[in-house]
Amino acid sequence: MQRIKTLKSLSRAACAAIFLSVQALICIGTVYWALTETLGLSATGALVLGGIFSVPSAFVLLTAVRMAFDAETDPANQ
């Protein structure tokens, strides 16, 4: 079956992806902040930890976008 790619389904996918991405960023940011403050990291240490956190954050965001697109353009879901 072919995916349904209309303006309506793509806008729904974008809204779902934005919602899921914001929720994930809040959770990841909270863990980052808690670790930085608990460990008492300097600015350099905080930047290094932020770089380490950026990889799983990008993976989570891409996964959320892919899941939202798949769910909203699935013909069985229409």
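Look up a bit, the structure's there.
Residues numbered from 1 in each chain as written. Predicted model: local features only at pLDDT ≥ 70, side-chain atom pairs only at ≥ 80, totals over all residues. Heavy atoms only, no water.

A. Representation of the environment of Met 1 in the model. Locating Met 1 in the fold gives a position in the segment before helix 1 (7-39). Residue Met 1 is classed as exposed on the basis of its relative accessible area, which comes to 94%. With 73 residues separating them in the primary sequence, Met 1 and Asp 74 have C-alpha atoms 8.7 Å apart. (Helix = DSSP H or I, 4+ residues; strand = E, 2+ residues; numbered from the N terminus. Buried < 20%, exposed > 50% of the residue type's maximum accessible area, 1.4 Å probe, protein only.)

B. How the structure looks around the packing of aromatic side chains. Taken as a whole, this structure holds 1 aromatic pair when the rule is applied. Between the aromatic rings of Tyr 32 and Phe 53, the centroid separation amounts to 5.8 Å while the plane-to-plane angle is 65 degrees, which identifies the pairing as edge-to-face. One end of the pair, Tyr 32, is in helix 1; the other, Phe 53, is in helix 2 (residues 43-73), with 21 residues separating them in the sequence. (Phe/Tyr/Trp six-rings, centres within 6.5 Å; stacked < 30°, edge-to-face > 60°.)

These values are about where atoms sit, not about what they do.
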